[in-house]
Amino acid sequence: MWKALLLVTLHLCAANEFFGPGFPFGEDAGGPTRFSPDLSNLGDQIKNSVHNQLAKSGVFSLQSQMKNLGETIVKNVQQSLSPVYAIPIKQKMMKGVGGLTTVTYYGKDVQSFIIQDGARTVCNGIIENGHCKGSLEPFTVRSNEDFCYADSYAVVNDRVCLSFGPINVAVMNNDIICNGAKSLLLNKAEYNQLCGAGIRAVYVYYADPRNPNAVPIPNPNPNIKCHNNEPGVCMFEDIPHLNSNTVVSNRNSYSYSYQSN
């Protein structure tokens with residue numbers, strides 16, 4: 001028995017040195033929580049005293065500040081990366097994922113398409129609110145002019161490579177090789193003459209509220225901007241081939257691959 005009392009006394013002395021005079025029965029230790037000389041609940045009294053001392057020391061406040069700092073860092077990173085996150089969102093809308101999209105190209109000629117899940121169709125009639133008032137037929141490449149609406153575009157040494165799928169551009173002894181399922185190679189002047197120098201495209205995305213893959217409109221990403229103000233519908237413009245992949249090569253051999261949007 002006396003050994004147990006001696007052990008408790010030693011622990012109390014050590015705690016007294018750490019928490020200040022009077023621990024655990026003094027006013028300095030307990031603060032608003034006074035200790036009772038009853039040793040039956042000594043453990044709870046010591047725990048409450050330690051909690052009060054830590055609160056006075058500002059440890060809990062520091063923990064809260066560190067938590068807020070972490071949340072602030074995550075928020076700032078997400079905001080700085082929002083333009084990057086917007087790229088696949090915009091690509092989904094351009095492909096008509098989770099709904100359907102109409103696109104009208106304004107260049108040397110005016111041409112409209114309806115796109116759904118990446119499949120491009122031509123409306124033989126009038127397009128109203130994303131729907132064709134007439135017959136639909138799959139888009140097929142029939143002439144060089146159709147390459148003005150190509151998905152893939154790359155420039156190597158002022159030569160333009162167009163394709164409706166992934167392309168591989170290579171330079172072999174100053175000869176440009178454009179490989180793709182359906183591709184066209186021409187110089188920049190020929191491209192401007194074929195398609196027009198200032199071609200632009202106007203997209204209208206119609207989100208399907210029943211489709212889980214639909215892009216939310218309005219979108220929480222501030223970089224997804226719509227010209228209109230209608231829930232579930234987003235009108236935006238794009239300049240095809242503006243942000244093209246341009247390669248200038250002075251070497252005898254060069255290979256470059258590009259995956260379409």
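Predicted, not measured: the structure shown is a model, and the values here were computed from it. The numbers attached to residues start from 1 for each chain and follow its sequence in the written order. In keeping with the model being predicted, local features are shown solely for residues with a pLDDT of at least 70 and side-chain atom pairs are shown and tallied solely at 80 or more, while totals for entire chains, interfaces and linings include all residues. Hydrogens are left out, water is left out, and the side-chain values use all remaining heavy atoms of the structure.

Enquirer: I would appreciate a short explanation of the pairing of strand E5 (residues 152-156) in the present structure.
Expert: Two faces make up the sheet, and in a regular strand the side chains alternate between them. Most of E5 sits inside the fold, with 5 of its 5 residues counted as buried. Of the two faces of E5, the one carrying Ser152, Ala154 and Val156 and the one carrying Tyr153 and Val155 are both buried. Bridge count between E5 and strand E6 (residues 159-163): 5 bridges; the pairing is antiparallel. Paired with Tyr153 across the bridge in E6 is Leu162. Each pair of strands is called paired provided DSSP finds at least two bridges between the two strands. Only DSSP runs of H or I covering at least 4 residues are called helices, and only runs of E covering at least 2 are called strands; the numbering of each starts at the N terminus. Counted between consecutive antiparallel strands, the loop separating E5 from E6 contains 2 residues, among which Asn157 sits at a positive phi close to 50°. Type-normalised accessible area, obtained with a 1.4 Å probe on protein chains alone, sets the label of each residue: buried when under 20%, exposed when over 50%, and partly exposed for intermediate values.

Enquirer: Would you mind going over the pattern of salt bridges with me for this structure?
Expert: For side chains bearing opposite charge, pairing can occur when the charged atoms are close. What makes a salt bridge here is a side-chain nitrogen of Lys or Arg within 4 Å of a carboxyl oxygen of Asp or Glu, nothing more. Counting across every chain of the model gives 5 salt bridges. The shortest N-O distance in the salt bridge between Arg120 and Asp151 comes to 2.9 Å. Placement of the pair is Arg120 in strand E3 (residues 119-128) and Asp151 in the loop between strand E4 (131-138) and E5, with a sequence separation of 31 residues. With a relative accessible area of 31%, Asp151 lands in the partly exposed category.

Enquirer: Would you mind showing me how to read the state of the cysteines here?
Expert: Between two cysteines, a covalent bond joining their sulfur atoms is known as a disulfide. Cysteine sulfurs are considered disulfide-paired once they come within 2.5 Å of each other. Per the counting criterion, the structure on display carries 3 disulfides. Two residues share a disulfide in this structure: Cys123 and Cys132, whose sulfurs sit 2.1 Å from each other. Handedness of the Cys123-Cys132 disulfide follows from its S-S torsion of about 80°: it is right-handed. For Cys123, a relative accessible area of 13% puts it in the buried group. By relative accessible area, which is 18% here, Cys132 ends up buried.

Enquirer: So what exactly am I meant to see when it comes to unusual backbone geometry here?
Expert: Among all residues except glycine, the phi angle is most often negative; among peptide bonds, the trans geometry is most common. In this model, Ile217 is joined to Pro218 through a cis peptide bond whose omega is 0°. Along the chain, Pro218 falls in the loop between strand E10 (200-207) and strand E11 (233-238). Positive phi outside glycine occurs at Asp117, with the angle close to 50°. By the secondary structure assignment, Asp117 is in the loop between strand E2 (110-116) and E3. For Asp117, a relative accessible area of 57% corresponds to the exposed category. At Asn129, a residue that is not glycine, the phi angle is positive and equals roughly 50°. Here Asn129 shows up in the loop between E3 and E4.

Enquirer: What am I meant to see in helix H6 (residues 188-195) here?
Expert: Looking only at H6, the buried set comprises Tyr191, Leu194 and Cys195. Buried positions in H6, seen along its axis, are confined to an arc of 75° and lie on one side of it. More than 90 degrees from the buried face of H6, the exposed residues found are Ala189 and Gln193. The inward-facing, buried residues of H6 contact E5, E6 and strand E9 (183-187). A side-chain oxygen of the first residue of H6 lies 3.2 Å from the backbone nitrogen of Ala189; this N-cap is Asn187. Here the arc refers to the set of directions running from the helix axis out to each C-beta atom. Any two residues whose heavy atoms approach within 4.5 Å are treated as being in contact. Contacts described as polar in this section are N or O atom pairs within 3.5 Å, which, within protein, must combine one atom able to donate a hydrogen with one able to accept it, while residues neighboring in sequence count only if both atoms come from side chains.

Enquirer: What is the right way to look at the confidence of the model for the protein in this model?
Expert: Predicted coordinates in regions of low pLDDT should not be interpreted in detail. The quantity known as pLDDT measures the predictor's confidence residue by residue, on a range of 0 to 100. For the protein, the average pLDDT comes to 75, and 65% of its residues sit at 70 or higher. Contacts of residues 246-260 to residues separated by more than four positions or lying in other chains number 43 contacts, the stretch itself having pLDDT below 50.

Enquirer: I would appreciate a short explanation of the nonpolar core in the present structure.
Expert: It is characteristic of soluble globular proteins that their nonpolar side chains tend to be buried jointly. Here, nonpolar core refers to any group of buried Ala, Val, Leu, Ile, Met, Phe, Trp, Tyr and Cys residues whose side-chain atoms link them within 4.5 Å. Of all hydrophobic cores here, the largest spans 34 residues; its most connected members are Met93, Tyr105, Phe113, Leu162 and Tyr191. Taken together, domain 1 (68-140 + 200-238) and domain 2 (142-195 + 244-260) each give at least three residues to this core, which thus spans both. Counting 8 residues, the second-largest nonpolar core is a separate cluster that includes Cys161, Val169, Val171 and Ile176. Domain ranges listed in this record stem from an automatic or a database domain assignment.

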